2 protein chains.
Amino acid sequence: MIHLLIFVFMSYQLISNIQIKHFRSLHQQKFRKEQQQYLVEGVKNVEEWILEGADIEYVIAIKEWFDAYPHLLKEIDADKCLLISEKDLPRLSGMKNPNQVVLVVNITQSKKLSEIKSSNWSLMLDRVQDPGNLGTIIRTADWFGIENIICSNDTAEQYNPKVIQATMGSLLRVNCFYTDLPEFLKQNSNIPVYAALLDGSPLMEYNSFSPGLIVMGNESKGISEEVKALVQHRLFIPRIGKAESLNVAVATGIFCNALISKNS
Amino acid sequence: MIHLLIFVFMSYQLISNIQIKHFRSLHQQKFRKEQQQYLVEGVKNVEEWILEGADIEYVIAIKEWFDAYPHLLKEIDADKCLLISEKDLPRLSGMKNPNQVVLVVNITQSKKLSEIKSSNWSLMLDRVQDPGNLGTIIRTADWFGIENIICSNDTAEQYNPKVIQATMGSLLRVNCFYTDLPEFLKQNSNIPVYAALLDGSPLMEYNSFSPGLIVMGNESKGISEEVKALVQHRLFIPRIGKAESLNVAVATGIFCNALISKNS
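Here's a quick rundown of the structure. From a predicted model like this one, the values you see are computed outputs, not experimental measurements.

## As for the relation of the copies chain B and chain A
Moving on, step 1. For the pair chain B and chain A, the relating rotation is 180 degrees, the translation along its axis is 0.0 Å, and the fit reaches an RMSD of 0.0 Å. Taken together, the turn and the small shift mark the pair as related by a two-fold rotation axis.
Moving on, step 2. A share of 100% of the interface residues of chain B reappears at the interface of chain A, consistent with the copies meeting face to face through the same patch.

## Re the pairing of strand E11 (residues 233-236) of chain B
Residue and element names in this part refer to chain B.
Moving on, step 1. Residues His233 and Leu235 of E11 are buried on one face, while the alternating residues Arg234 and Phe236, pointing to the opposite face, are not.
Moving on, step 2. Both strand E9 (residues 193-202) and E11 contribute to a ladder of five bridges, which runs parallel. What sits directly across from Tyr194, in E11, is His233.

## Thoughts on empty space enclosed by the protein
Moving on, step 1. Applying the stated rule across the entire model yields one cavity of 30 Å³ or more.
Moving on, step 2. Lys44, Glu48, Arg139, Thr167, Met168 and Ser170 of chain A together with Ala243, Glu244 and Ser245 of chain B together form the lining of the largest cavity.
Moving on, step 3. Partitioned by chemical class, the residues of the lining of the largest cavity number two nonpolar, three polar and four charged.

## Some points on the environment of Tyr58 of chain B
Residues and elements named next belong to chain B.
Moving on, step 1. Summarising the element assignment, Tyr58 is placed in strand E3 (residues 56-61).
Moving on, step 2. Between the C-alpha atoms of Tyr58 and Ala78, which are 20 residues apart in sequence, the distance is 9.6 Å.
Moving on, step 3. Beyond its immediate sequence surroundings of up to four residues, Tyr58 is in contact with Gln19, Phe23, Asp79, Lys80, Leu82, Val102, Leu103 and Val104.

## Quick notes on the packing of aromatic side chains
Residue and element names in this part refer to chain A.
Moving on, step 1. Inspection of every chain in the model, using the stated rule, returns 12 aromatic pairs over all chains.
Moving on, step 2. Ring geometry for Trp121 versus Tyr194: centroids 5.2 Å apart, planes at 45 degrees, classification tilted. Note that Trp121 is positioned in the loop between strand E5 (101-106) and strand E6 (122-126) and Tyr194 in strand E9 (residues 193-202), a separation of 73 residues in sequence. Across this residue pair, the class does not change: Trp121 and Tyr194 are buried.
Moving on, step 3. Cluster of aromatic residues (ring-pair linked, three or more members): Tyr12, Trp65, Phe66 and Tyr69.

## Comments concerning the interface of chain B and chain A
Moving on, step 1. Every contact between the two is made by 34 residues of chain B and, on the other side, 34 residues of chain A.
Moving on, step 2. The contact between chain B and chain A buries some 3100 Å² in all, and 63% of this surface belongs to carbon and sulfur atoms.
Moving on, step 3. Sorting the residues of chain B by area buried against chain A places Arg139, Trp143 and Met204 of chain B first, and these three jointly supply 24% of that buried surface.
Moving on, step 4. For the salt bridge of Glu244 of chain B with Lys44 of chain A, the shortest nitrogen-to-oxygen distance reads 3.5 Å.

## Examining helix H6 (residues 131-143) of chain B
Residue and element names in this part refer to chain B.
Moving on, step 1. Compared with an ideal rise of 1.5 Å per residue, which puts 13 residues at 18 Å, H6 spans 19 Å between its outermost C-alpha atoms and is within 8% of the ideal.
Moving on, step 2. Buried within H6 are the following residues: Pro131, Asn133, Leu134, Gly135, Thr136, Ile137, Ile138, Arg139, Thr140, Ala141, Asp142 and Trp143.
Moving on, step 3. Here H6 starts with a cap whose side-chain oxygen sits 3.0 Å from the backbone nitrogen of Gly132, and that cap is Asp130.
Moving on, step 4. Phi turns positive one or two residues past the end of H6, at Gly145, with a value near 75 degrees.

## A word on the sheet that holds strand E2 (residues 37-41) of chain A
All names here are of chain A.
Moving on, step 1. Taken in spatial order, the five strands of this open sheet run E1-E4-E3-E5-E2, and their pairing is mixed. Since the sheet does not close on itself, it has two edges, and those belong to strand E1 (13-14) and E2, each with one partner.
Moving on, step 2. Note that strand E3 (residues 56-61) and E5 share five bridges and pair antiparallel. What sits directly across from Val59, in E5, is Leu103.
Moving on, step 3. Against the sheet, helix H1 (residues 17-24) touches E1, E2, E3, strand E4 (81-83) and E5, its axis set at about 115 degrees to E3.

## Side note on the pairing of strand E10 (residues 213-217) of chain A
Residue and element names in this part refer to chain A.
Moving on, step 1. Burial within E10 is extensive, with five of its five residues counted as buried.
Moving on, step 2. Note: E6 against E10, five bridges, orientation parallel. When the sheet's bridge partners are listed, Ser122 is paired in E10 with Leu213.
Moving on, step 3. Bridging between E9 and E10 involves three bridges; their strand directions are parallel. When the bridges of E10 are listed, Tyr194 appears paired with Ile214.

Reading the values: rules and limits
- What you see as residue numbers is a count from 1 along each chain, following the sequence as written.
- Here the convention is simple: chains get letters from A, ligands get numbers from 1, in the order in which they are written.
- Selection of residues for local features in this predicted model requires a pLDDT of at least 70, selection of side-chain atom pairs for listing and counting requires 80 or more, and totals for whole chains, interfaces and linings are taken over all residues.
- To obtain the side-chain values, all non-hydrogen atoms of the structure were used and water was disregarded.
- Least-squares superposition aligns the copies on the C-alpha atoms of those residues with pLDDT at or above 70 in both.
- Residues are treated as being in contact if the distance between any of their heavy atoms lies within 4.5 Å.
- Working definition: with a 1.4 Å probe on protein chains only, accessible area under 20% of the residue-type maximum means buried, over 50% means exposed, and in between means partly exposed.
- Every helix listed is a DSSP run of H or I at least four residues long, and every strand listed is a run of E at least two residues long, numbered separately from the N terminus.
- Note on pairing: DSSP must find at least two bridges between two strands before they are called paired.
- Buriedness of a pocket was judged along seven lines, with at least five required to meet protein on both sides within 12 Å; pockets are open sets of points on a 1 Å grid over the protein atoms alone, cavities are sets where a 1.4 Å probe fits but cannot get out, and lining residues have an atom within 4 Å of a point.
- Grid points are joined across faces, edges and corners, and a volume is the space filled by probe spheres set on the points.
- Amino acids are sorted into nonpolar (Ala, Val, Leu, Ile, Met, Phe, Trp, Tyr, Cys and Pro), charged (Asp, Glu, Lys and Arg) and polar (every other residue, Gly among them).
- Two rings from Phe, Tyr or Trp (for Trp, the six-membered ring) form a pair when their centres sit within 6.5 Å of each other. Planes less than 30 degrees apart are called stacked, planes more than 60 degrees apart edge-to-face, and all others tilted.
- The term buried area means the drop in 1.4 Å probe accessible area that two parts suffer when joined, counted for both and summed.
- A carboxyl oxygen of Asp or Glu within 4 Å of a side-chain nitrogen of Lys or Arg is what we treat as a salt bridge.
- Expected span of a helix, by definition, is 1.5 Å for each gap between consecutive residues, and there is one gap fewer than residues.
- By the criterion applied in these results, polar contacts are pairs of N or O atoms within 3.5 Å in which, for protein atoms, one can donate a hydrogen and the other can accept it, and in which residues neighboring in sequence qualify only through two side-chain atoms.
- Angles shown run from 0 to 180 degrees and are taken between the N-to-C directions of axes, each axis being a line fitted to C-alpha atoms and, for helices, limited to the stretch in contact.

It is worth stressing that arrangement in space is one thing and function is another; only the former is reported here.
Given below as structure tokens:
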């Protein structure tokens, strides 16, 4: 009896030096803007991005990753897959311990700011500058079913690698728009605006909410005067102890839970 | 007429090379444990630590800092102040952009775990591993007047520089105890135990709380089976969107606000 064993070798093209240098530039905001692409790193994040149907330009990975995750590659053309050596991976990666695989993703924003409806809850971020905080806020928004975040132009950029790291895939389900906040609020005065302000009413005593915008401010300076003047519902999280302030992502979670869970 | 100008020069001893090497070792947990000391960096944190009356062994700063903050040094002996050159500061600092001043602080824990009262709210952390998350949780606890956090032995160490950075001074007002959690719960079965578990009741519908322990679990694995078995009040934060989970510090904030603000 003759046993016939057939091995199918899938061989991917090796990444070039020029490509490494080119994609590596995407660690900088300037080049992300120019190329309209960003990087996603790490086995878990990459899985989330592929399964969620992100617009992927390249999957760049070491052989072990291609061998271990063939099911993730079903929908991805072989010419979008580039092999990288373990030695070269740190040249492309921005992580201290590079993690097998890097995606080059095309920036696609199908939704427009003008489509934001007053019937849904949205977040508004006024100068949130720490990318880790922005990432955690995007993940929190995704938990509470918030699809849109309206950011001031000086809020951290959504495609910053530290934001991507902290969003855990939620970035693909939440739209971040960057705009002039006072201008937006003046043009959308029909949308209720809620914010954490020291002279507000205790959050837990507040009971009737129509969906609207929840405004969160800068880590140390809070909400700007121009935005503050346009807030209709001034609320605060009662402080029992002595901390000077709450982390902005924690405060966002508390507001979302109190306003949205109560209504749903 | 003769004008007499008197300048008072306060000159501090210059730090030695041996001292830099010695204090620098405190960036490692092993040496913090051995020396029972830890470092605090950054102008704002240092101010918090001094004003809160921490047990300070040394204030190590560049001349500009000593000149700018004489009021912070009123209670500190001159022989505890060491001058460091701007050139040498990065050798001592763990920060990318070293920030004028570093404190060497003595670890003092006056409170004992056995003093925890069932009449106060406390937090229990089961394997929270990210130091940034632990720091943010300590700051959140301080906001809600929680004085004690009971940590599993494998939770991040409270004196890790990244914890210090995220606590914003709250570390001095909140005690972290490290112990075997199932053992502690068995010995203190009179204390009500609340936790976020998928099969729980919605947090916002839950109304009567006696103060107790709020348990938070590991970032990816959640609460361990042994601890889970000892939870009396199973609760959950309703998920409206699609995020797989909430950040553990955000979830802690939501629990504290819902359980503690409602009762106070």
